[in-house]
Amino acid sequence: MPLSRSLSMSSLSGLPLWDQEELPIDELLLFEIAWEVTNKVGGIYTVIQTKAKITVDEWGENFFMIGPYYEHNFKTQVEQCDPPNAAIKAAMDSIKNNGCQLTDQLQDKPNVIAHFHEWQAGVGLVLSRSRKLPMATVFTTHATLLGRYLCAGNADFYNNLDKFDIDREAGERQIYHRYCLERAAVHCSHVFTTVSQITAVEADHMLHRKPDVVTPNGLNVKKFSAMHEFQNLHSMNKLKIQEFVRGHFYGHLDFNLEKTLFFFIAGRYEFSNKGADIFLESLSRLNYLLRVHKSDVTVVVFFIMPAKTNNFNVESLKGQAVRKQLWDTAQSVKEKFGKRLYESLLRGEIPDMNKILDRDDFTIMKRAIFATQRHGLPPVTTHNMLDDLTDPILSNVRRIGLFNSRNDRVKIIFHPEFLSSTSPLLPMDYEEFVRGCHLGVFPSYYEPWGYTPGECTVMGIPSVTTNLSGFGCFMEEHISEPTAYGIYIVDRRFRSADESCNQLTQFMFSFCQQSRRQRIVQRNRTERLSDLLDWRYLGRFYMHARHLALSRAFPERFKMDTLAPPPTQGFRYPRPSSVPPSPSASLHSTPHHSDAEDEDDNEPYDEDEEAERDRLNIKTPFTLGVVPEGKKKQPGEYGN
């Protein structure tokens, strides 16, 4: 049965209308080639998987994806079928009959667009152009190969973009052959794209070509959409995290869980690239501020980064066992108490509270209390680490002295394994865990895009990002005051490491100052940005890239005014109407109860009214690449 398709992208509420000229889809074929088609290695898999639906809606059965064949992935992720297109069927038959040699034997050849992702697929692009195959080509780099290697080696990357000897650096790292393949694909393609403005600057220096189009990464927002239930989901999943914390900190649970905030960082274990270094230093400073101000707010911070382990540690498992034993004991005593109370009331007597529990009940409760005694501190990590002495996170925890002591207002839990609902320790999926937290912190130094803060946004959870991540740059471009919408952007581009660390500390400290009501209002604003990250909007950037490629490959048939402003230019969400001009006007000068409603908090707020104003008052974007006043222009910066 032919797939249905829609040639026009529906405009989301408040977003600019899409008036791009429609392509003759019936006369075109679109191929998307990547090593991560049905093959999960990294973030490109998420890009391709989540974008597939809107691409199929547009192209129907004229859209094809090509990737590596792995038996397990083939059985679990795709279904075998016959080619729906006669041209494709003829090409596949030719491949089978001629030992993978494609012959040019088609009579009515359709125009082809081939979109290649990353250097692994680039060899197909280079060979296609060298053999002069009649097709339009698009090449997307999600991060330059050499850029990843340089940042992994702790190079001062962005301040030295124009100083690197590219060939020598690639040769010293024994990736020169791959670098040459990537650069050849970039220069052979009709249209070159990257996923963010910061990666565009990087590509200009590393690959010596400015991207034609920036194609931001989106999400299938419908997958996360919970309508007005997302606040309830936050409360439900927060209770699950609280249960884990009760077990992990048994014997040291001298802080109020109703006044405890949950922060987290998650992703690949790239200590410096992901910003775990300045995050830990900022947590040390946050701990000092909270103690100095005698705050009763406690912050529990989770590090969800996979590392080498050999199993859960005994102390962590014991904590959950003790918690469960206490719960079972309480339920048993409660059942006895309730039954005796019920029988006494049936007899018309007021029960004697000294007799309603017998000596055995008191003995059971005393034993349960004795079991919660702990002679050491709660563990920082939940697993037995293979490289405990040299592990970067644990080494820095020792340096800053955050060992989960009673006096610390910031507690650290390092979970060196991805989350799973089948875990005996923290049985939650990643999505459930994110919904239950209060703030995601991702102060990355090298992050071409960054899906983790985007996932927080669509689930209504505020997050911290940086202006060196693609997501942070995108939000700065589209939102007049990101902080008001729960997007805190740390300046790691124009400030020193110490200044960035202080800024991150202040962001987290300000977040701890918010009342429960203020956090609820902020989550509403954050979740309202979901449409901005939906492929239904961001898919138009890919449409623009394909149209541009066709106009360059087949100029006699496909016309496009390259001098006109691209229809993909952005917009800006205004400051929410309920946010006063000065942030200090809506924040207390010192921390206070996080879950207490402020009697004198008269900040006007109507969610529906504010959302409608946002839709009506969208502003045009500022010029990209503008250097903040008083800041020196950095190497590799250019305006659009």
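Enquirer: Summarise the overall build of the chain; cite the residues concerned and give the values.
Expert: Across its full length, the chain carries 21 helices and 14 strands. For the chain, restricting intrachain contacts to residue pairs at least 6 apart in sequence, the fraction spanning at least 24 positions comes to 75%.

Enquirer: Which residues make up the sheet that holds strand 14 (residues 487-490), and what values do they have?
Expert: Two pairing modes exist for strands in a sheet, parallel and antiparallel, and in both the strands are linked by backbone hydrogen bonds. Spatially, the six strands line up as an open sheet ordered 11-8-7-12-13-14, and their pairing is parallel. Whereas interior strands pair on both sides, the edge strands pair on one side only; in this sheet they are strand 11 (410-415) and strand 14. Sheet twist, expressed as the average angle between the axes of neighbouring strands with direction ignored, equals 25 degrees. Bridge count for strand 7 (residues 260-266) against strand 12 (residues 439-441) is two bridges, and the pairing is parallel. Within strand 12, the position partnered with Phe 264 by the bridge is Gly 440. Packing of helix 11 (residues 276-292) onto the sheet brings it into contact with strand 7, strand 8 (298-304), strand 11 and strand 12, and relative to strand 8 it is tilted by some 170 degrees.

Enquirer: Give me the lowdown on the pattern of salt bridges, citing residues and values where you can.
Expert: Taken as a whole and assessed by the stated rule, the structure comprises 33 salt bridges. The closest approach of N and O atoms between Glu 281 and Arg 399, which form a salt bridge, is 3.1 Å. Within this pair, whereas Glu 281 is found in helix 11, its partner Arg 399 is found in helix 14 (residues 392-400), the two being separated by 118 residues in sequence. Among the ionic pairs, Asp 498 bridges to Arg 285, the shortest N-O distance being 2.8 Å. With Asp 498 in helix 18 (residues 497-513) and Arg 285 in helix 11, this residue pair connects regions lying 213 residues apart in the sequence. Via salt bridges that share partners, Asp 165, Arg 168, Glu 169, Glu 172 and Arg 173 belong to a single interconnected network.

Enquirer: Give a detailed account of the packing of helix 10 (residues 230-248) against helix 12 (residues 314-346), specifying residues and quantitative values.
Expert: Close contact between helix 10 and helix 12 brings their axes to 7 Å; oriented N to C, the two are set at 110 degrees. In this view, helix 10 runs roughly perpendicular relative to helix 12, as classed from their interaxial angle. Where helix 10 abuts helix 12, its residues Glu 243, Phe 244, Arg 246, Gly 247 and His 248 lie against Ser 316, Gly 319, Gln 320 and Arg 323. A per-class count over the contact of helix 10 with helix 12 returns one nonpolar, five polar and three charged.

Enquirer: Residues and numbers for helix 16 (residues 451-458), please.
Expert: Summarising burial for helix 16: eight of the eight residues are buried, a large majority. Here helix 16 has its buried residues at Tyr 451, Thr 452, Pro 453, Gly 454, Glu 455, Cys 456, Thr 457 and Val 458.

Enquirer: An account of a nonpolar patch on the surface is requested, with residue identities and associated values reported.
Expert: On the surface, a nonpolar cluster with roughly 320 Å² of combined accessible area is contributed by Trp 35, Val 41 and Tyr 70. One can find Trp 35 in the loop between strand 1 (28-33) and helix 1 (43-59). Among the residues examined, Trp 35 registers a relative accessible area of 41% and is labelled partly exposed.

Enquirer: Tell me about the environment of Trp 449, and please be specific about residues and values.
Expert: Mapped onto the secondary structure, Trp 449 falls in the loop between strand 12 and helix 16. A sequence separation of 251 residues divides Trp 449 from Ile 198, and the C-alpha atoms of the two residues are 8.8 Å apart.

Enquirer: Go over the side chain of Ser 423, please, and point to the residues and values.
Expert: Mapped onto the secondary structure, Ser 423 falls in the loop between strand 11 and helix 15 (430-436). There is a polar contact of 3.4 Å between the side chain of Ser 423 and the backbone nitrogen of Leu 426.

Enquirer: How would you summarise the pairing of strand 5 (residues 191-194) if you had to cite specific residues and measurements?
Expert: Residues Val 191 and Thr 193 line one face of strand 5 and the alternating positions Phe 192 and Thr 194 line the opposite face, and both faces are buried. Relative to strand 6 (residues 213-214), strand 5 is paired through two bridges, and the arrangement is parallel. Note on strand 6: the bridge partner recorded for Thr 194 is Val 214. Following the chain from strand 5 across helix 8 (residues 197-206) to the adjacent parallel strand 6, one finds a crossover that is right-handed.

Enquirer: Provide a residue-level description of unusual backbone geometry, including the pertinent values.
Expert: Of note, the phi angle at Thr 38 is positive, near 55 degrees, even though the residue is not glycine. Mapping Thr 38 onto the fold places it in the loop between strand 1 and helix 1.

Enquirer: Hey, could you go over the sheet that holds strand 5 for me, with residue numbers and the actual values?
Expert: Across the sheet, six strands lie side by side as 2-1-3-4-5-6; this open sheet has parallel pairing. Sheet topology places strand 2 (63-66) and strand 6 at the edges, where each strand pairs with a single neighbour. Together, strand 1, strand 2 and strand 3 (111-117) form the strand contacts of helix 1, whose direction differs from that of strand 2 by roughly 155 degrees. Along the sheet face, helix 8 touches strand 5 and strand 6 and points at about 125 degrees away from the line of strand 5.

Enquirer: Tell me about the state of the cysteines, and please be specific about residues and values.
Expert: In the structure shown here, the tally under the stated rule is zero disulfides. The thiol sulfur of Cys 437 is not disulfide-bonded, and the nearest other cysteine sulfur, from Cys 456, lies at 8.1 Å. Residue Cys 437 is classed as buried on the basis of its relative accessible area, which comes to 0%. Judged by its relative accessible area of 0%, Cys 456 falls in the buried class.

Enquirer: Explain the nonpolar core to me, and be specific about the residues and the numbers.
Expert: Core analysis: the biggest nonpolar cluster contains 87 residues, and Val 245, Phe 263, Leu 283, Leu 286, Phe 302, Phe 303 and Phe 433 have the highest contact counts within it. Here the element with the most residues in this core is helix 11; it accounts for seven residues. With sequence-adjacent residues up to four places away left out, Phe 303 is seen in contact with Ile 265, Ala 276, Phe 279, Leu 280, Leu 283, Ile 393, Ile 412, Ile 413, Phe 414 and His 415.

Enquirer: Help me get a handle on helix 1, residues and values and all.
Expert: With 17 residues, helix 1 ought to run about 24 Å at 1.5 Å a step, and its terminal C-alpha atoms sit 24 Å apart, in line with that. With twelve of its 17 residues buried, helix 1 lies for the most part within the structure. The complete set of buried residues in helix 1 reads Ile 44, Tyr 45, Thr 46, Val 47, Ile 48, Thr 50, Lys 51, Ala 52, Ile 54, Thr 55, Glu 58 and Trp 59. Looking one or two places after helix 1, you find Gly 60, whose phi comes out positive at around 60 degrees.

Enquirer: Describe the packing of helix 4 (residues 118-130) against helix 7 (residues 176-188), and please don't skip the residues or the numbers.
Expert: The geometry of helix 4 relative to helix 7 is characterised by a closest axis approach of 8 Å and an angle of 50 degrees between their N-to-C directions. Between helix 4 and helix 7, the crossing angle belongs to the class labelled oblique. The two elements helix 4 and helix 7 meet at a crossing, and its hand is left-handed. Contacts between helix 4 and helix 7 involve Trp 119, Gly 122, Val 123, Leu 125, Val 126 and Arg 129 from the former and Arg 178, Leu 181, Glu 182, Ala 184, Ala 185 and Cys 188 from the latter.

Enquirer: Would you mind going over the packing of aromatic side chains in detail, with residue names and values included?
Expert: Tallied over the full model, the rule gives 26 aromatic pairs. Both rings, one in Phe 31 and one in Phe 64, keep their centres 5.4 Å apart while their planes meet at 25 degrees; by these two values the pair is stacked. Here Phe 64 lies in strand 2 and Phe 31 lies in strand 1, a separation of 33 residues in the sequence. An identical accessibility class is assigned to Phe 31 and Phe 64; each is buried. Each ring, one from Trp 449 and one from Phe 471, has its centre 6.2 Å from the other, and the planes form 85 degrees; the classification is edge-to-face. Of the two residues, Trp 449 sits in the loop between strand 12 and helix 16 while Phe 471 sits in helix 17 (residues 470-478), which places them 22 residues apart along the sequence. Overall, Trp 449 belongs to the buried group, its relative accessible area being 5%.

Reading the values: rules and limits
Residues numbered from 1 in each chain as written. Predicted model: local features only at pLDDT ≥ 70, side-chain atom pairs only at ≥ 80, totals over all residues. Heavy atoms only, no water. Helix = DSSP H or I, 4+ residues; strand = E, 2+ residues; numbered from the N terminus. Contact = heavy atoms within 4.5 Å. Pairing = 2+ DSSP bridges. Axes fitted to C-alpha atoms, helices over the stretch in contact; angles between N-to-C directions. Salt bridge = Lys/Arg side-chain N within 4 Å of Asp/Glu carboxyl O. Parallel < 35°, antiparallel > 145°, perpendicular 65-115°, else oblique. Nonpolar A, V, L, I, M, F, W, Y, C, P; charged D, E, K, R; others polar. Buried < 20%, exposed > 50% of the residue type's maximum accessible area, 1.4 Å probe, protein only. Patch = residues over 30% accessible without salt bridge, like charges linked within 9 Å, V, L, I, M, F, W, Y side chains within 5 Å. Areas by Shrake-Rupley, 256 points an atom, 1.4 Å probe, with all protein chains shown as cover. Polar contact = N/O pair within 3.5 Å; in protein donor to acceptor, adjacent residues only side chain to side chain. Right-handed = clockwise from strand over helix to strand, strands pointing away. Disulfide = S-S within 2.5 Å. Core = buried A, V, L, I, M, F, W, Y, C linked by side-chain atoms within 4.5 Å. Expected span 1.5 Å × (residues − 1). Left-handed = near helix turned anticlockwise from the far one by under 90°. Phe/Tyr/Trp six-rings, centres within 6.5 Å; stacked < 30°, edge-to-face > 60°.

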